[in-house]
Amino acid sequence: MWNYSFTLPTAFIFLIFLIYFLANPMLPVRRNRSFLILLLSQGLTIVFDIWSTYLDNDPLSYPGYMLTAVNLLYFLFFVCRAYAFVSYLLSIPEQNENIFRISFFNRLFFWIFEAIVFVSIWTEWIFYVDDTGYHPGNYYNFLYFIMFVYIFEMYIIIVYFKKQFSRREIYSGLLLTTILLVGLVIRYTFSHFLVMDTFCLGSIMVIFLTFQDIHLFEDQRVGLFNNKAFHQYVVEHLHSRHLYLYGYGVINYDELRRMFGGAQMDMELRDITDSLKREYPDQILYYLRNGRFMVTDHKPFEIKEIKNRVLSIGTVEFPSDLEVENGQQLIEVARDVFSKFNGNVARRHIVVDHEHLIEINHNLKVQKALNNAVLNDGIQVYLQPIYSVEMRRISGAEALARIEDPEMGMVQPYDFIPIAEKNGLIVKVGEAVFKKTCGFIRDNSDPRLQWININLSPIQCVSEEPIEALLKISDEYGVSGEKLKLEITEDAMVDENELRNMMIKMSDHGFCFELDDFGVGFSNVLRLSNFPFTAVKIDRELVWQYHDNPTNSVLPHLIEDIRKSGMDVVAEGVESKAMGREMIELGCNYLQGFYFSRPVPLKRFNKVFDLRWSEF
């Protein structure tokens, strides 16, 4: 009566798949538990589907209570499997009130559906068994309705929470849901062919290859859980107050990797991994890249000493009473603390304290403000005037980025620029400043403003795409390169060939270059001669040091060498008339600092020309 030729090979493939999945380590998080429940539901549904079909095809050979029990269990697990698909999708987004509310109503309706199926033993709504065997009940199609409702809800979940899914996950979610829908339609149309199990296995395979791909959660270098797995575990367990952590970090990892090479370092990392596995057999171990290891558990554990014959290992202690607001804050704290194991390491054992949390919380707020500003065109441009010694007036300005956030107020560059450089938004910030500066130059006809300086980040100096974007913007606004001077710092001078090629390309379009913050790095005037710089900006620290000790001959000789090389000199940090007079006597061409003006918004800049200073 029923054809289950599809179900038997489906059962065999599912068994192989289940063994493979269970053979791999599984992180104890909600997503993995939900997937395991889905697999168990699928397996039991297949078992009772095959068993009930076998009995129903020969009902007179078996007692009626057996037919009733086996068919009942099949229908119960059929509903359970549909519910498990929805529950799995709900386990993927970050858990919040909306997720909890949806999950509550899902559980409620699940038990209602199961109750309707169960009472069919007496009501005969879904099925009944008599002397002739198994028969569908009057409301048998209610099972298709239940499955359809759950499939429709899966579509709703994917659309409603799409911002918390990656693009790959959205497409995969739509694919697996559509596979279920197609299977349901075929099962309803050709009811004697048991194909639903096969289509459900197809959807499970999509989940396994995308959402549950073990390579997404495992570091292939050492075979431990990775950053993504650590993030999932921390976010889920943080507020349960059952989260205990301890960290191990290789001292000066980056320098040692350059020294020993990748192969040798990977071998030492695997040696550390083996030691951690021996010392922490019951805990969860993670490798967070760059020589950073974490140990976690839901209960306190004994701290062990980990040694390596080549590498020095520092430790990070996370007190159990640390009041962390959210998982992202804890992850940022861990990243920040581990970074202290690079460079001149003062301590090899660091205890995370409340001060770390304050600093990280501030950085997270800055990062949020930065993200909002970039997305909503909220990067503001302020201009700080530059005084020309020859013209004895303001002749130019430097464009500086600012962010005014509703929560934090005015966010200063020293707060958000390092974060922008770290998370890759610095190019977006630079383009926003460049675009608004070009717009100001186009709309401003005051001949007293001859040029505006714009800062370039190191990544803009050695990458072709950001430079092409700047050239496109300047063409779009009709602003020639002569109206713009580009400032770069010594950090951009790592790859000299790339930097020189970029500077030559931009110079061909009329742009001039100035070296910013000169005097605090390792560059010398001879090295500068290899690049087409037209001016050098002396760092304010050197200006202030000379003002405090005029007998120091370092700055006078430096300015003399720069002038002899054919470059102009700009003195930064001029805060008084006396400092300005000193810089002029030393031969500076331009002065910049609070003595003339603090940075001002674009719409107020023209008023700067009306200010008067006493003569030098």
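What counts and how
Residues numbered from 1 in each chain as written. Predicted model: local features only at pLDDT ≥ 70, side-chain atom pairs only at ≥ 80, totals over all residues. Heavy atoms only, no water. Phe/Tyr/Trp six-rings, centres within 6.5 Å; stacked < 30°, edge-to-face > 60°. Helix = DSSP H or I, 4+ residues; strand = E, 2+ residues; numbered from the N terminus. Buried < 20%, exposed > 50% of the residue type's maximum accessible area, 1.4 Å probe, protein only. Lys NZ or Arg CZ within 6 Å of the ring centre and 35° of its normal. Pairing = 2+ DSSP bridges.

**Points about the packing of aromatic side chains**
Aromatic ring pairs are defined here through the distance separating the ring centres and the angle between the ring planes.
Phase 1: For the coordinates displayed, the defined rule picks out 41 aromatic pairs.
Phase 2: Aromatic side chains Phe148 and Phe152 sit 6.5 Å apart centroid to centroid with 20° between the ring planes, which places their arrangement in the stacked category. With a gap of four residues between them, Phe148 and Phe152 both fall in helix α6 (residues 142–160), about one helical turn apart.
Phase 3: You can call Phe148 partly exposed: its relative accessible area is 41%.
Phase 4: With a centroid separation of 6.3 Å and an interplanar angle of 55°, the aromatic rings of Tyr233 and Tyr286 are classed as tilted. One end of the pair, Tyr233, is in helix α9 (residues 227–237); the other, Tyr286, is in strand β4 (residues 284–287), and 53 residues separate them in sequence.
Phase 5: On the basis of relative accessibility, which here comes to 0%, the residue Tyr286 falls in the buried class.
Phase 6: Aromatic ring contacts, followed pair by pair, group Tyr74, Phe75, Phe78, Phe127, Tyr134, Tyr140, Tyr144 and Tyr188 into a single cluster.
Phase 7: We note Arg402 situated over the ring of Tyr382; from NZ or CZ to the ring centre the distance is 5.8 Å.

**Concerning the pairing of strand β11 (residues 451–455)**
Phase 1: Across the five residues that make up β11, a large majority, four, are buried.
Phase 2: In terms of strand pairing, strand β9 (residues 393–405) meets β11 through four bridges, oriented parallel. Note that in β11 the partner of Gly396 across the bridge is Trp451.
Phase 3: Taken together, the four bridges between β11 and strand β12 (residues 484–488) define a ladder with parallel strand orientation. Bridged to Asn453 within β12 is Lys485.

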